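# Results of the structural survey
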Amino acid sequence: MKIDGMAVISLVACMATSAKAFVHSSSRPHSMIRIMTNTNTRSIASASPFSSRRFLSEGTSEEEEEGATSSAQIDPDVLENVKDPFLQTMRDRGFLFQCTNLKDLDEYMSSSDGKPTSAYLGFDATADSLHVGSLLQIMILRHLQNAGHRPVVLIGGGTSKVGDPTGKDESRKLLDDDLIKKNTDGISKVFEKFLNFGDGPSEAIMVNNDDWLSGIKYLDFLREYGTQFTINRMMSFESVKQRMSREAPFSFLEFNYMILQAYDFLELNRRYGVKLQLGGSDQWGNMVSGTELARKCDREQVFALTAPLITTSDGRKMGKTEGGAVWLNADKLSEYDYWQFWRNTADEDVIRFLKLFTELPLDEIEKFETLKGAEINKAKIVLADEATTLLHGSECLVAIKETVKSMFKGKGTSTESLPRIYVSSESISEGVKFLDLFTELNLANSKKEVRRLIQGGGAKLNDEKITDENAVLTVADFGKENEVTLRAGKKKAGVVEVQ
């Protein structure tokens, strides 16, 4: 009997019980990007995705090898004296948090043969756009390529069918194949803005782990790799402990995510020679599992390097605001709103964000450290300009600056860079509720929020306050123009245009 591994995993999702109960009971242009397939640098046996291998070196216990690989301690002397330009950038700009054997990694990456190191970062297709929370990882890949190494962008088409439980209070909603495909197409577009894709030694490639995960034979996988993971060790990782402490059940489906991520690293090493996995510190346990699996299965030394999880000075998670997620795709968040997000950075975060989210030289950033009071706004504008240019190009800055003058300084009339929706003349003749227009323009997350905005005097039609929660936009409000501007507070606005 043949058993399709991913089909079994999907079935398990319906049958899964709480892992907590288990423990208690047992004690550049988009057209240039193509997703690479069927490339196999170190081929797996064609008859099966698995082959017979010896896992531990003779004379070495599993505990000793695990301890040697998984240590996150970085020798300060090694850190200070790294030779590879990429690792120097990670250190100097504040990206480097944990690393398995930094000394060996530095020796490998800076070796005299000049061969680029292939390193990967994974992105699950859980939404149709990435948000600012993923930007730190994208910047790491950009620095990697700028240092002469090869970025490998891994799209989690397979792992998206399981859902990463890290940092989540409850299980992710299961996604079907059509939605994963839609999301994959959506998130893939952003990488062209930051990376050069192609066939050159340091040009980026994009791959999808669905290529190997969907073909897994479940029993073969358990026999070949299940013995390399112990429940005791998996339970020791902080990400698992945090998930277990929450009230929602931790399903067997989610518990498998760590194994699949570890197997991704093994496959990427075999197929594309990937030696380094990059990620956030919340992924440390999963990443260490990947380095250990490669050593046990192939006696291959691979490495893991994490960046710290970024929060704002007031403790908020990066990429989340009161207005919702700060999306990277322009069809979900306008260039103007993206610029405003960075412009509104807290004083305490500006220098740190200039190091992480721009490519300004460090000596230039140091000059901003002396700015105090209102002068710090100069640094915020530089941050907004540089970050927006990286994602959307410098051309949009002209329209953004004109809009800023129009909104805040009473000069100019440009609304070109503001988010915009279109309404028909027929619907306007009948009247369209402001509650609907504000939410459609993403000036508020809900009608309830719009009502609060109106009650507080923060909702405006052009420069006039909207006082009636049930008011509608009508033909008379347009006068001789074919558009009006709706404002939510002092810094958010959008345009309604009649077609």
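Higher on the page you've got the structure.
Report on the accompanying structure. Each chain has its residues counted from 1, following the order in which its sequence is written. Under the rules for a predicted model, residues below a pLDDT of 70 receive no local features and side-chain atom pairs below 80 are neither given nor counted, while totals for whole chains, interfaces and linings still include all residues. Each side-chain value is worked out from all heavy atoms of the structure, with water and hydrogens disregarded.

### Thoughts on helix 15 (residues 284-298)
One turn of an α-helix holds 3.6 residues; hence residues three or four places apart share an orientation. A rise of 1.5 Å per residue sets the reference length of helix 15, with its 15 residues, at 21 Å; its end C-alpha atoms lie 21 Å apart and thus fit the reference within 8%. Each residue's exposure class comes from its accessible area (1.4 Å probe, protein chains only) as a fraction of the maximum for that residue type: buried when under 20%, exposed when over 50%, partly exposed otherwise. Helix and strand labels come from DSSP, where a helix needs a run of H or I of at least four residues and a strand needs a run of E of at least two; each type is numbered from the N terminus. With 15 of its 15 residues buried, helix 15 lies for the most part within the structure. Phi turns positive, to about 50°, at Arg299, one or two residues after helix 15. Under the convention used throughout, the expected extent of a helix is 1.5 Å for every residue step, that is, one less than its residue count.

### Quick word on the pattern of salt bridges
Each salt bridge in this description consists of a side-chain nitrogen of Lys or Arg and a carboxyl oxygen of Asp or Glu lying within 4 Å of one another. The tally for this structure, following the rule as stated, stands at 21 salt bridges. For the salt bridge of Arg420 with Glu497, the shortest nitrogen-to-oxygen distance reads 2.8 Å. Taken together, the residues span a long stretch of sequence, with Arg420 in strand 10 (residues 420-423) and Glu497 in strand 16 (residues 492-498) at a distance of 77 residues. The class of Arg420 is partly exposed, set by a relative accessible area of 26%. Among the ionic pairs, Asp463 bridges to Arg487, the shortest N-O distance being 3.7 Å. Here Asp463 is found in the loop between strand 12 (459-461) and strand 13 (464-465), whereas its partner Arg487 is found in strand 15 (residues 483-488), with 24 residues between them in sequence. On the accessibility criterion, Asp463 (60% relative accessible area) is exposed. A network of salt bridges, in which partner residues are shared, links Lys83, Asp106 and Glu107.

### A short note on the pairing of strand 3 (residues 118-124)
In terms of burial, strand 3 is largely enclosed, as 6 of its 7 residues are buried. Across 7 bridges, the pairing between strand 3 and strand 4 (residues 150-156) is parallel. Across the sheet, residue Asp124 finds its bridge partner in strand 4, namely Gly156. Between any two strands, pairing holds if DSSP finds at least two bridges. Alignment of strand 3 against strand 6 (residues 276-280), held across 2 bridges, turns out to be parallel. Bridging from a neighbouring strand, Ala119 pairs with Leu276 of strand 6.

### Some remarks on the side chain of Asn183
Tracing the backbone through its elements, the reader meets Asn183 in helix 8 (residues 177-188). Residue classification places Asn183 among the buried residues on the basis of a relative accessible area of 4%. What qualifies as a polar contact is a pair of N or O atoms within 3.5 Å, subject to a donor-acceptor requirement within protein and to the restriction that residues adjacent in sequence count only when both atoms come from side chains. Within the structure, the side chain of Asn183 is placed 3.0 Å from the backbone oxygen of Ala125, a separation counted as a polar contact. Two residues form a contact once any of their heavy atoms are found within 4.5 Å. If sequence neighbours within four positions are ignored, Asn183 has contacts with Ala125, Thr126, Ala127, Asp128 and Leu175.

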